[in-house]
Amino acid sequence: MPMQYPGHIVKVGETDVAVVKALKARLNADLGFRSDPALLLDETDGNFGPKMRQVVKLFQARNVDTEGRPLKQDGEVGAISWAILFGQQAVQNLGQAIDPFLAEVIKVAQGEEAKKVREQPRNSNGGPEVDRYLASVGLSSGYSWCCSFTFWCFEQAAFKLKRSNPMVKTGGCLRHWQEAPSKGAKLIAAGAALADPGLLRPGMLFIMDHGKGLGHTGLIESVAGGLLTTIEGNTDGSGTREGGGVYRLVRKVSEINKGYIDYSGVR
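Below or above, wherever it landed, is the structure these notes cover. (Residues numbered from 1 in each chain as written. Predicted model: local features only at pLDDT ≥ 70, side-chain atom pairs only at ≥ 80, totals over all residues. Heavy atoms only, no water.)

### Considerations on the state of the cysteines
- Summed over the entire model, instances satisfying the criterion amount to zero disulfides.
- Residue cysteine 146 stays outside any disulfide, its sulfur separated by 3.4 Å from that of cysteine 173, the closest cysteine.
- Cysteine 173 gets classed as buried once you look at its relative accessible area, which sits at 6%. (Disulfide = S-S within 2.5 Å. Buried < 20%, exposed > 50% of the residue type's maximum accessible area, 1.4 Å probe, protein only.)

Below, the structure is given as structure tokens:
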């Protein structure tokens, strides 16, 4: 049984001696340092110091995440680096929402992604489906629609389950962040989730702040340590906030700079 991710970023000054020793053993084995005394880490020493930080950076430079993307070379072991070292089973993996309503929201979003919804014409912020998303929050064709898409998914799920929709009725991502607590939703700050991706669950909404009142949002479909599979509107394969369709993407938790909104249990 591999050592499980401790729920926080492991870095210089780490106080959990067992975690540091386990990391040193894995790094030595992974990087083949046992025959190189200059780089070999002392596995009996529970101190995370500058030398260990350099070795972690070397490990990060030589490896990629499960999507083939380079690891961030910061000398700190978050959930993504931990999963590469100890295996994906050593970090939390969640494939479905616990809350029945949010599970239905995900199903609605999955249906739209399966339809390959795209703007018509291209780059118009319009089209039959897009206009329906925008109309659900009282907006006309032509507006950015990522937040409207999430509201529409919530609205359809509420209609199917014959219950009220708890989500704030807005097409503005940052307004949603500000007003969600008034509806009973819980907010998780980006920094807290980066330190412990175990706080995140399928069915939560992520919020990104691009400055000058601009933002982006989407729905978390599944969580695998520091990686999120999302379904988003008004994006594309590059993850932009002004793309032309509904896409399933994989994002690093570190990409989300504002936080997450959790409507689980809210009626």
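### Some remarks on the packing of aromatic side chains
- Taken as a whole and assessed by the stated rule, the structure comprises seven aromatic pairs.
- Measuring from ring centre to ring centre gives 5.6 Å for phenylalanine 101 and phenylalanine 154, while their planes differ by 75°; the resulting arrangement is edge-to-face. Note that phenylalanine 101 is positioned in helix α4 (residues 100-114) and phenylalanine 154 in helix α6 (residues 146-161), a separation of 53 residues in sequence. Comparing phenylalanine 101 with phenylalanine 154 shows no difference in burial state: the two are buried.
- In textbook terms, an aromatic cluster arises when at least three aromatic residues are bridged by ring pairs, as seen for Tyr133, Trp145, Phe149 and Trp152.
- Sitting over the face of the ring of tyrosine 247, arginine 118 holds its NZ or CZ atom 4.0 Å from the ring centroid. (Phe/Tyr/Trp six-rings, centres within 6.5 Å; stacked < 30°, edge-to-face > 60°. Helix = DSSP H or I, 4+ residues; strand = E, 2+ residues; numbered from the N terminus. Lys NZ or Arg CZ within 6 Å of the ring centre and 35° of its normal.)

### Details of empty space enclosed by the protein
- Counted by the stated rule, this structure contains one cavity of 30 Å³ or more.
- Quantified by volume, the largest cavity comes out at close to 40 Å³.
- Considering the residues around the largest cavity, the lining is formed by Asp65, Thr66, Ala79, Ile80, Ala83, Ile84, Gln88, Ala224, Gly226 and Leu227.
- With four residues, the single largest contributor to the lining of the largest cavity is helix α3 (residues 79-86).
- Here the residues of the lining of the largest cavity sort into six nonpolar, three polar and one charged. (1 Å grid on protein atoms, 1.4 Å probe; cavity = no way out; pocket = protein on both sides within 12 Å on 5 of 7 lines; lining within 4 Å. Points joined across faces, edges and corners; volume = space filled by probe spheres on them. Nonpolar A, V, L, I, M, F, W, Y, C, P; charged D, E, K, R; others polar.)

### Some details on α4
- Counted at 1.5 Å a residue, the expected span for α4 with its 15 residues is 21 Å, and the 21 Å between its end C-alpha atoms agrees.
- Within the sequence span of α4, burial applies to Phe101, Leu102, Glu104, Val105, Ile106, Val108, Ala109, Glu112 and Glu113.
- Residues of α4 that are buried in the fold lie against α5 (128-135), α6, β4 (214-224), β5 (227-235), β6 (245-252) and β7 (259-262).
- Regarding α4, its N-cap is aspartate 99, as a side-chain oxygen of that residue lies 2.8 Å from the backbone nitrogen of phenylalanine 101 further along.
- In the stretch just after α4, lysine 116 is the one whose phi turns positive, near 55°. (Expected span 1.5 Å × (residues − 1). Contact = heavy atoms within 4.5 Å. Polar contact = N/O pair within 3.5 Å; in protein donor to acceptor, adjacent residues only side chain to side chain.)

### A short note on the layout of surface pockets
- Of the volumes computed, that of the largest pocket is approximately 300 Å³.
- Lining the largest pocket are 17 residues, with Lys72, Asp74, Gly78, Leu194 and Ser254 sitting closest to its centre.
- Broken down by element, the residue count for the lining of the largest pocket peaks at three residues, all from α3.
- Class assignment of the residues belonging to the lining of the largest pocket gives a composition of eight nonpolar, five polar and four charged.
- Taken as a whole, the second largest pocket holds about 170 Å³ of empty space.
- Taken together, 13 residues line the second largest pocket, and the ones lying closest to its centre are Gly171, Gly172, Cys173, Gly215 and Arg241.
- Put simply, the parts of the chain that give the lining of the second largest pocket at least two residues each are α6, α7 (173-179) and β4.
- Among the elements that line the lining of the second largest pocket, the one with the most residues is α7, at three residues.

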